[in-house]
Amino acid sequence: MHVGYMTYLLRLYGISSLKEKRAVIKPVINDLRRKFNASVVETGKHDSKQESEITVCMVANERGELDSLFQSVWHRIIWNGLEVSGEDGEIW
């Protein structure tokens, strides 16, 4: 069994308040939780209107499966209309 996490740094455009930012980020977090049955949380950049940081954690039977799932998460974030400007993570 393998456990992995990936932290995605997201670039936001046209956000003028933290309330607007939460209105954009919260649906994405909920979508990722539903779609991948993963633990997802906003882990950084809480006071920034231009950036957000979310971390996704998942468990799978094989390492290759986790690699594929995290790639799918990246595509799903883009599908939700956000730009991924960086990512970092680890798999055990």
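Preceding this section is the structure that the text describes.
Notes on the structure follow. Note that residues are indexed from 1 along each chain, following the sequence as it is written. At least 70 in pLDDT is required for a residue's local features to be given in this predicted model, at least 80 for side-chain atom pairs to be given and counted, and no such filter applies to totals for whole chains, interfaces and linings, which use all residues. Only hydrogens and water are removed before side-chain values are computed, so all heavy atoms of the structure are retained for them.

## Some words on the pattern of salt bridges
Rule in force here: Counted as salt bridges are all cases of a side-chain nitrogen of Lys or Arg within 4 Å of a carboxyl oxygen of Asp or Glu. Note on conventions: DSSP H or I runs of at least 4 residues are helices, E runs of at least 2 residues are strands, and numbering of each starts at the N terminus. Between buried and exposed lies partly exposed: a residue is buried under 20% and exposed over 50% of the maximum accessible area for its type, with that area taken using a 1.4 Å probe on protein chains only.
For the coordinates displayed, the defined rule picks out five salt bridges. The partner of E51 in a salt bridge is R11, with the nearest N and O atoms 3.5 Å apart. Remark: R11 occurs in strand 1 (residues 2-11) and E51 occurs in strand 3 (residues 51-60); sequence separation between them is 40 residues. You can call E51 buried: its relative accessible area is 16%. Residue classification places R11 among the partly exposed residues on the basis of a relative accessible area of 29%.

## Notes on the side chain of E42
The criterion, for reference: Side-chain atoms alone can form a polar contact between residues adjacent in sequence; in general such a contact is a pair of N or O atoms within 3.5 Å, and within protein one must be able to donate a hydrogen while the other accepts it. Whether two residues are in contact is decided by their heavy atoms, any of which lying within 4.5 Å being enough.
By the secondary structure assignment, E42 is in strand 2 (residues 39-44). At 3.4 Å, the side chain of E42 and the side chain of R22 are in polar contact. One polar contact links E42 to S52, side chain to side chain, over a distance of 3.2 Å. Residues within four places of E42 in sequence aside, it is in contact with K21, R22, I25, I29, S52, E53 and I54.

## A look at unusual backbone geometry
At N37, a residue that is not glycine, the phi angle is positive and equals roughly 50°. A positive phi is found at K45, a non-glycine position, where the angle reads about 60°. Looking at the element boundaries, K45 is found in the loop between strand 2 and strand 3.

## A word on a nonpolar patch on the surface
Cut-off, in case you're wondering: Like-charged residues within 9 Å of one another, or nonpolar side chains (Val, Leu, Ile, Met, Phe, Trp, Tyr) within 5 Å, are grouped into patches, provided each residue has over 30% relative accessible area and no salt bridge. For accessible areas, the Shrake-Rupley method is used with a probe of radius 1.4 Å. Any residue's cover is judged against the shown protein chains and nothing else.
Where nonpolar side chains cluster on the molecular surface, the patch consists of M1, V3, V59 and W92 and spans about 460 Å² of accessible area. In this structure, V59 sits in strand 3.

## Considerations on the pairing of strand 1
Quick reminder of the rule: What makes two strands pair is DSSP finding at least two bridges between them.
Relative to strand 3, strand 1 runs antiparallel, the two sharing ten bridges. Bridge pairing in strand 3 links L10 to S52. Pairing analysis gives eight bridges linking strand 1 to strand 4 (residues 83-91), with the strands arranged antiparallel. Among the inter-strand pairings, L10 is bridged to a residue of strand 4, identified as V84.

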